[in-house]
Amino acid sequence: MAALVWINLYVCRDMFFVEHLGHMNSMHGFWMALAERASHHWWRPGWWPYWDAGMPFEWTYAPLVPALTAAWAQLDGVSTARAFYGVMGMVYVLTPVTLFVMSAKLSRSLGWSFLAATVYSLASPMQLMAPNESFAWSRIGDAQRLYLSVVWDELPHLTALTLLPLVVLFMALALQRRRAGYSVAAGASMAAALLANAFAMTMIAIGMISLLAAFGRERWKENVLRVGAAGAGAYLVACPFLPPSLLAAISRNQQFHKVVQWEPRSFTAAAIVALGCIVLWQIFEWRRADWWLRFLGYLAWMTTSIPVMARHLGRSFVPQPMRYTVEAELALALLGVFLARAVAGRWPVAVRAGCALALLGIGAEQVVSHRKFE
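Predicted, not measured: the structure shown is a model, and the values here were computed from it.

Visitor: An account of the overall build of the chain is requested, with residue identities and associated values reported.
Guide: Per the secondary structure count, the chain includes 16 helices and zero strands. At 21 Å, the chain has a C-alpha radius of gyration in line with the 21 Å of a compact globule built from 374 residues. Projecting the C-alpha coordinates of the chain onto the three principal axes gives extents of approximately 65 × 45 × 45 Å. Across the 374 residues of the chain, 48% fall into the buried class. Contacts spanning at least 24 positions in sequence make up 75% of the contacts within the chain whose residues lie at least 6 apart. Of the accessible surface of the chain, which amounts to about 18000 Å², a share of 67% is contributed by carbon and sulfur atoms. Computing the positive centroid from 29 side-chain charges and the negative centroid from 19, the chain places the two 11 Å apart.

This is how it looks when you write it as structure tokens:
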């Protein structure tokens, strides 16, 4: 874990000291303003009529990132801007760590979990499958997570993603050990993710569907009830900042701006995702795969197919489908590494040692490349 922290901290360390960036086309200033103006008034929003032409208080934005920014600024005695980028650096460092903790606990494989978290830290496979620009093999080495944080507006989304491995970890333990404490921890993690970003709702749904499918038919009714209860409790906590009225407004706006129109093409996209899950189910039954590999397969398929279909087929059934590449990156890192474990386990020790040395060299190159980009 210390090595993971060092790698990511080495890459992003300037985030903890910078006051302002040159990218003025982002929403960073929006979140800084929320942190500065709302830090003492979240529950007494008397100034909100003056915000964005009278936008309702609960519609402004999910509060977790502004709240963390305000807390950082007060505790560290720094400016709001510097605190915001400190939160950004913290999220950048912690996402691979929570990924490692989840994987190590559920797979019981420290080495391969470390490799998966390192691959996630240094590679971007979705730039081959659904690239932002033209296709190029070299794009797999792009510092996409860093780019999305610093240049664009994905910090709240990435904050929610940091919490997703904890949601999966606690929910999986709740289903395995049948203890209420794990269900409560899963619900608390879900609520925190929802308070970070509205995309967490779809993200959590995909993760829980993948988990339920991986556990299969045994005690499936009880499993569904446990997951449903945790999800309902999480939404009750988050609903003041994610009310049904806001969800309805998001849906109407998507239709109005023709970002996602509910039409036969949307049904086709959903049907393709369902078909892929059915095929995976049959393959897993045939191969008698363990639940961990099943979970990774379902998670990777659902998170990857959404942006890939939007990019190449022009079909989607969720708002802003290309933004789900961040979930896909995490899922593909896990699936790729644990599929490699199944294959490499049969190789001679000398071959595995040679591969490890080659990966170590590539990883070192990537750390230097990401650092220069930062």
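Visitor: Explain a positive patch on the surface residue by residue, including any values.
Guide: On the surface, a cluster of positive charge is made up of Lys-105, Arg-108, Arg-177 and Arg-179. When you line up the elements, Lys-105 lands in helix H4 (residues 80-107).

Visitor: An account of the nonpolar core is needed here, citing residue identities and associated values.
Guide: Of all hydrophobic cores here, the largest spans 97 residues; its most connected members are Met-171, Met-208 and Leu-334. Looking at this core element by element, the count peaks at 14 residues for helix H8 (residues 155-177). Not counting residues within four places of it along the chain, the set of residues in contact with Met-171 comprises Ser-183, Ala-186, Met-190, Met-208, Leu-211, Arg-226, Val-227 and Ala-230.

Visitor: Help me get a handle on unusual backbone geometry, residues and values and all.
Guide: The general pattern is negative phi for most residues beyond glycine and trans for most peptide bonds. A positive phi angle is found at Arg-108, which is not glycine, with a value near 60°. Mapped onto the fold, Arg-108 is located in the loop between H4 and helix H5 (110-122). The backbone of Gln-320 shows a phi angle near 50°, a positive value even though the residue is not glycine. Its location among the elements puts Gln-320 in the loop between helix H14 (291-312) and helix H15 (325-344).

Visitor: Describe the side chain of Thr-98, and please don't skip the residues or the numbers.
Guide: Of note, Thr-98 is situated in helix H4. For Thr-98, a relative accessible area of 12% puts it in the buried group. In this structure the side chain of Thr-98 is engaged in a polar contact, spanning 3.0 Å, whose partner is the backbone oxygen of Thr-95. When near neighbours in sequence (up to four residues on either side) are disregarded, Thr-98 contacts Thr-162, Pro-165 and Leu-166.

Visitor: Mind laying out the packing of H8 against helix H11 (residues 220-238), listing which residues take part and the relevant values?
Guide: Their axes nearest at 10 Å, the elements H8 and H11 cross at an angle of 145°. Crossing handedness for the pair H8 and H11: right-handed. Between H8 and H11, the residues in contact are Met-171, Ala-174 and Leu-175 and Asn-223, Arg-226, Val-227 and Ala-230, respectively. A per-class count over the contact of H8 with H11 returns five nonpolar, one polar and one charged.

Visitor: Account for the environment of Val-18, with residues named and values stated.
Guide: With respect to the helices and strands, Val-18 occurs in the loop between helix H1 (2-12) and helix H2 (28-38). Distance from Val-18 to Pro-348, taken between C-alpha atoms, is 48 Å for residues 330 residues apart in sequence. Setting aside chain neighbours within four positions, we find Val-18 in contact with Arg-82 and Tyr-85.

Visitor: How would you summarise the packing of aromatic side chains if you had to cite specific residues and measurements?
Guide: In the structure shown here, the tally under the stated rule is 13 aromatic pairs. With centroids separated by 5.3 Å and ring planes inclined at 75°, the aromatic side chains of Phe-84 and Tyr-85 adopt a geometry described as edge-to-face. Both rings, one in Tyr-147 and one in Trp-152, keep their centres 6.5 Å apart while their planes meet at 70°; by these two values the pair is edge-to-face. We classify Tyr-147 as partly exposed; its relative accessible area is 27%. Here the aromatic residues Phe-30, Trp-31, Tyr-61, Phe-84 and Tyr-85 are joined through ring pairs into a cluster of three or more.

Visitor: I'd like a rundown of a nonpolar patch on the surface, residues and numbers included.
Guide: A cluster of nonpolar residues, Leu-275, Val-279, Ile-283 and Trp-286, forms a patch on the protein surface that exposes about 440 Å² of accessible area. Mapped onto the secondary structure, Val-279 falls in helix H13 (residues 264-287).

Visitor: Kindly report on the environment of Gly-141, identifying the contributing residues and their values.
Guide: Relative to the elements of secondary structure, Gly-141 occurs in the loop between helix H6 (126-129) and helix H7 (144-150). Look at Gly-141 and you get buried, because its relative accessible area is 17%. Between the C-alpha atom of Gly-141 and that of Ser-369, which follows or precedes it by 228 residues, the distance is 8.5 Å. With near-sequence residues (within four places) excluded, Gly-141 lies in contact with Leu-122, Gln-366 and His-370.

Visitor: Can you tell me about the pattern of salt bridges, naming the residues and giving the values?
Guide: Tallied over the entire structure, the rule returns seven salt bridges. Glu-154 is the salt-bridge partner of Arg-323, the closest N and O atoms lying 2.3 Å from each other. Here Arg-323, found in the loop between H14 and H15, pairs with Glu-154, found in the loop between H7 and H8; they are 169 residues apart in sequence, far enough to count as distant. Arg-178 is the partner of Glu-222 in a salt bridge, and the nearest nitrogen-oxygen pair spans 3.2 Å. Here the residue Glu-222 occupies a position in helix H11, and Arg-178 occupies one in the loop between H8 and helix H9 (180-196), the gap between them amounting to 44 residues.

Visitor: Please provide a residue-by-residue account of H11, values included.
Guide: Between the first and last C-alpha of H11 there are 27 Å, a value that for 19 residues agrees with the 27 Å anticipated at 1.5 Å per step. Along H11, the residues classified as buried are Asn-223, Arg-226, Val-227, Ala-230, Ala-234 and Ala-238. End-on view of H11: buried residues confined to an arc of 100°, all on one side of the axis. In H11, the exposed positions angled more than 90 degrees off the buried face are occupied by Lys-221, Leu-225, Ala-229 and Leu-236.

Rules of the game
Residues numbered from 1 in each chain as written. Predicted model: local features only at pLDDT ≥ 70, side-chain atom pairs only at ≥ 80, totals over all residues. Heavy atoms only, no water. Helix = DSSP H or I, 4+ residues; strand = E, 2+ residues; numbered from the N terminus. Rg over C-alpha atoms; globule rule 2.2 N^0.38 Å. Buried < 20%, exposed > 50% of the residue type's maximum accessible area, 1.4 Å probe, protein only. Contact = heavy atoms within 4.5 Å. Areas by Shrake-Rupley, 256 points an atom, 1.4 Å probe, with all protein chains shown as cover. Lys, Arg positive; Asp, Glu negative; His and termini not counted. Charge placed at Lys NZ, Arg CZ, Asp CG, Glu CD. Patch = residues over 30% accessible without salt bridge, like charges linked within 9 Å, V, L, I, M, F, W, Y side chains within 5 Å. Salt bridge = Lys/Arg side-chain N within 4 Å of Asp/Glu carboxyl O. Core = buried A, V, L, I, M, F, W, Y, C linked by side-chain atoms within 4.5 Å. Polar contact = N/O pair within 3.5 Å; in protein donor to acceptor, adjacent residues only side chain to side chain. Axes fitted to C-alpha atoms, helices over the stretch in contact; angles between N-to-C directions. Left-handed = near helix turned anticlockwise from the far one by under 90°. Nonpolar A, V, L, I, M, F, W, Y, C, P; charged D, E, K, R; others polar. Phe/Tyr/Trp six-rings, centres within 6.5 Å; stacked < 30°, edge-to-face > 60°. Expected span 1.5 Å × (residues − 1). Arc of directions from axis to C-beta.

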